[in-house]
2 protein chains.
Amino acid sequence: MVLRIAIVGCGVVCRGLLKILRDKRTFLMENYGFEFIVTAVTDKFKGSVMLDNGAGLDIDAFIEHIEAQKPINEFPAEDAITGLGSVDTIQRAPADIIVEVTFTDVKTGEPATTHVKEALKAKKHVVTTNKGPTALFHRELAQLAKVNGVQFRYEGAVMSGTPIFNLMEFCLAGNDIVEIKGILNGTTNFILTKMEEDKMPYEEALALAQKLGYAEADPAGDVEGFDAMAKVIQLANIGMGGDLTEADVEREGITGITMEDVEKAKAEGMRYKLIGCTRKSGDKISAYVRPEKLPLSDPLAGVGGAVNALTFKTDLSGDVTIQGAGAGEIETGYALLIDMLAINRELKSQ
Amino acid sequence: MVLRIAIVGCGVVCRGLLKILRDKRTFLMENYGFEFIVTAVTDKFKGSVMLDNGAGLDIDAFIEHIEAQKPINEFPAEDAITGLGSVDTIQRAPADIIVEVTFTDVKTGEPATTHVKEALKAKKHVVTTNKGPTALFHRELAQLAKVNGVQFRYEGAVMSGTPIFNLMEFCLAGNDIVEIKGILNGTTNFILTKMEEDKMPYEEALALAQKLGYAEADPAGDVEGFDAMAKVIQLANIGMGGDLTEADVEREGITGITMEDVEKAKAEGMRYKLIGCTRKSGDKISAYVRPEKLPLSDPLAGVGGAVNALTFKTDLSGDVTIQGAGAGEIETGYALLIDMLAINRELKSQ
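The structure contained in this document is the topic of the report that follows. These figures come from a predicted structure and were not determined experimentally. Throughout this document, residue positions are counted from 1 along each chain, in the order its sequence is written. To read the labels, note that chains go from A and ligands from 1, taken in the order they are written. Local features are withheld for residues below a pLDDT of 70 in this predicted model, meaning they are given only at 70 or higher, and side-chain atom pairs are given and counted only at 80 or more; totals for whole chains, interfaces and linings count all residues. Processing note: side-chain calculations cover all non-hydrogen atoms of the structure and skip hydrogens and water entirely.

Now for the packing of aromatic side chains. Geometrically, a pair of aromatic rings is defined through the distance of the ring centres and the angle of the planes. Pairing of aromatic rings covers Phe, Tyr and Trp, the last through its six-membered ring, and needs centres within 6.5 Å; plane angles under 30 degrees mean stacked, over 60 mean edge-to-face, and all others mean tilted. In the structure shown here, the tally under the stated rule is 13 aromatic pairs over all chains. Measuring from ring centre to ring centre gives 5.2 Å for Phe62(A) and Phe75(A), while their planes differ by 75°; the resulting arrangement is edge-to-face. Placement of the pair is Phe62(A) in helix H3 (residues 59-67) and Phe75(A) in the loop between H3 and strand E4 (81-82), with a sequence separation of 13 residues. Grouping residues by exposure puts Phe62(A) and Phe75(A) together as buried. Their ring planes at 70° and their centres at 5.0 Å tell us that Phe190(A) and Tyr214(A) sit as a pair that is edge-to-face. Remark: Tyr214(A) occurs in the loop between helix H9 (202-211) and helix H10 (220-223) and Phe190(A) occurs in helix H8 (residues 186-197); sequence separation between them is 24 residues. Linked through ring pairs, Phe152(A), Tyr154(A) and Phe165(A) together constitute an aromatic cluster. Placement of a positive charge over a ring is assigned whenever Lys NZ or Arg CZ falls within 6 Å of the ring centre and within 35 degrees of the normal to the ring plane. Directly above the ring of Phe137(B) sits Lys117(B), whose terminal nitrogen or CZ lies 5.9 Å from the centroid. Strands are runs of DSSP state E lasting at least 2 residues, helices are runs of H or I lasting at least 4, and numbering of each runs from the N terminus. Relative accessibility thresholds used throughout: buried, under 20% of the residue-type maximum; exposed, over 50%; partly exposed, between the two (1.4 Å probe, protein chains only).

Here it is as structure tokens:
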């Protein structure tokens, strides 16, 4: 079976996925029996194209087209339908999987949540790297997927292409996970690392993170802990079966951490990290985000730079820590691929 | 479908698995649709019991029986068939899955390899934590499993219950893995940690490792790097498609590392680790085991004590490091469970 893919949102993540699909077509077919075509790409600002010719878009040509900053509507393809909005594309595209990679709004979850809902209602599988829908509406969306007999997958919503949700589903199965704790924001970890290792003042480290493209122009989402909080909520609700919202999470960022704090910790053989943590105690799930002084023997203490890591505390496997990229064009594109491979595995075995 | 399990080898790992099966029956049924009975347990020295009554062994009673050091032949059960050898049990037991957990002989791979072959030929799935068969005969056994339409799984052969093979199969799928590098022997890592952190001389650290049960009375397997080498061969052959044997692996243990070396490295901001590594370069797969000085920024440098860790260098996910237990009764028992859950998933979807 050839999986038909339609992509909503044509930014960095879309491009990362398209490059992987372009470069790995033969590898994926030979090793995983994964065959695909891309039938549509739509973007609120850049336009849209849809093809119902059985062959899909010429991915090579399409990447060149968007890298040349040309409007998607103008992509040359016979019988192309152009100019459709996101919801129209989701409903009408000949697609088995909708890839949702629009801008993330963690306050409202929109427009991503509407996209996910429309796709699931149309009985199309959804893969996304958008943390809005899962942070705010996971339970509702998972139920909608179940009712419609399709999958809703979101590996890239936390730690990009470092497997977290697939890890819990396939590699930690059978465990009772009692705590998930880690470094969920690369920008703040980069800043804290620079403060300790290079004695670089906070403001300078933040400016460097912005210069390197880690931090947004408005850094509050990172340094005040909002980004980590959105991720902790997902881990609490998806990994531990919680039903938390922002109001349930104690949140403190790194803006109160001074160079003196960092140096004092170092002298004590400790290290500050911005930690996101969710815990189960009986039926109660709690969560927080705050700077913590960790002993250097903690696996999370050694995680330096713009990297993410999580420790899963389990009843059978013990403590399992995974560390890897938390961002990146190809890494985040990969998160979509691993979810599509999981869908393909299930479809092939039916 | 109720999976029927027969266990060959009744030592620590068998007991770990039985405890998990005893304690998690309802959890596994409700969350994974995993239902099972244990139809036989056989051990070369302790005897054997087989039941064909549709209900299997009373696991609670059986654990009590073996913890009281009573011969397995004397386990009280109606219509029990006792005294069968391993191969007879494998062939005759009413079983879908054979659990192979006998003593590991990495020189010959026996008797485990014969057990695995007989099980696969009898079209029974095999799960094992025994590194002999995979280190020596992986290609042949994988082919035998394929021909007979059953699965051969071995999560516990490397890093016990910390997922490695399931990670590569389900969570790093689609990647080209170009290097796997890590700390594969807990005993030597414990010794090196003690030497650096507590300035404990090598002999004393080794004696402590033996006292704590990490190291064998004859420590050569650990400190000379043989154990790590067997694991590296598995990673090279299974993870990267190699066909290496002992003769292909450069091997050096930690016996040449002095306190001076450790302290000199520390002064340079480095740390010695016994590293096992396998690499792909074009079509060529190479491997080595040797002490390496790592910068403290390396994720492997922070791994202290009797713990294992591996970094997978991939083309799409970047570097992914996983750290966790490398031994333990429950952890190793869990490795068998995760493999059985993978088999159950496939059987249920057919």
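It is worth spelling out the sheet that holds strand E8 (residues 177-183) of chain A at this point. Strands sit in the order E9(A)-E11(A)-E10(A)-E8(A)-E12(A)-E13(A)-E13(B)-E12(B)-E8(B)-E10(B)-E11(B)-E9(B) across an open sheet of 12 strands; the sheet is mixed. Every interior strand has two partners, whereas the edge strands, strand E9 (249-251) of chain A together with strand E9 (249-251) of chain B, have only one. Direction aside, the axes of adjacent strands within the sheet are offset by 20° on average. Working rule for contacts: check all heavy atoms of both residues, and any pair within 4.5 Å makes them a contact. All axes are obtained by fitting lines to C-alpha atoms, using only the stretch in contact for helices, and the reported angles, taken between N-to-C directions, cover 0 to 180 degrees. H8(A) contacts E8, strand E10 (270-281) and strand E12 (307-314) of chain A of the sheet and is inclined by roughly 145° relative to E10(A). Strands pair, by our definition, only if DSSP identifies at least two bridges between them.

With that out of the way, let us pick up the side chain of Ser48(A). All names here are of chain A. Structurally, Ser48 is set in strand E3 (residues 47-50). Polar contact is defined as a pair of N or O atoms within 3.5 Å, subject to the rule that within protein one atom must be able to donate a hydrogen and the other to accept it, and that residues adjacent in sequence are counted only when both atoms are side-chain atoms. Only 2.9 Å separates the side chain of Ser48 from the backbone oxygen of Leu84, close enough to count as a polar contact. Among residues more than four places away in sequence, those in contact with Ser48 are Val41, Thr42, Asp43, Ile72, Asn73, Ile81, Thr82, Gly83, Leu84 and Thr89.

Here the focus is helix H5 (residues 112-121) of chain A. Residues and elements named next belong to chain A. With seven of 10 residues buried, H5 lies mostly within the body of the structure. For H5, the complete set of buried residues consists of Ala112, Thr113, His115, Val116, Glu118, Ala119 and Leu120. Where H5 is buried, its residues contact strand E1 (2-8), helix H4 (86-92), strand E5 (97-100), strand E6 (125-128), helix H6 (131-147) and strand E7 (152-153).

Turning our eyes to something else, we now look at the environment of Ala228(B). Residue and element names in this part refer to chain B. When you line up the elements, Ala228 lands in helix H10 (residues 226-239). A relative accessible area of 4% means that Ala228 is categorised as buried. With 62 residues separating them along the chain, Ala228 and Arg290 place their C-alpha atoms 9.4 Å apart. Other than its neighbours up to four places away in sequence, Ala228 contacts Leu184 and Val289.

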